[in-house]
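# Examining the three-dimensional arrangement
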Amino acid sequence: MAEVKVHLNDVESMESFTKTVSQFDYNIYLRPENESEETKLNAKSILTVMSLAFYKRLELIAQTDDIAELLIKLQPYLVANA
């Protein structure tokens, strides 16, 4: 399992993000930064992603051992120095 921080700043980025993560077969979740580790929301759901719009940073949790391709595709959304 891998975790990175992401930021989605507008509706277009949320739509694009959701389409991107939906390309992967493994589970990908979002959690508002500093929330309980038990909190995991489906990152492939546009409604879920839009409901998290007011959070500045989100933690992305990918249930895979190989996150390299995902990180390349998510580059526009990654928070630097996370």
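Refer to the preceding data block for the structure.
Residues numbered from 1 in each chain as written. Predicted model: local features only at pLDDT ≥ 70, side-chain atom pairs only at ≥ 80, totals over all residues. Heavy atoms only, no water.

## Observations concerning the pairing of strand S2 (residues 28-32)
A large share of S2 lies buried, amounting to five of its five residues. Inspection of the sheet shows S2 paired to strand S4 (residues 58-62) by five bridges, in the antiparallel sense. Note that in S4 the partner of Ile28 across the bridge is Ala62. With two bridges joining them, S2 and strand S3 (residues 41-42) adopt antiparallel strand pairing. Counted as the bridge partner of Leu30 is Leu41 from S3. (Buried < 20%, exposed > 50% of the residue type's maximum accessible area, 1.4 Å probe, protein only. Helix = DSSP H or I, 4+ residues; strand = E, 2+ residues; numbered from the N terminus. Pairing = 2+ DSSP bridges.)

## Some words on the sheet that holds S2
Spatially, the four strands line up as an open sheet ordered S1-S4-S2-S3, and their pairing is antiparallel. Looking at strand neighbours, the two that pair on one side only are strand S1 (2-6) and S3, the edges of this open sheet.

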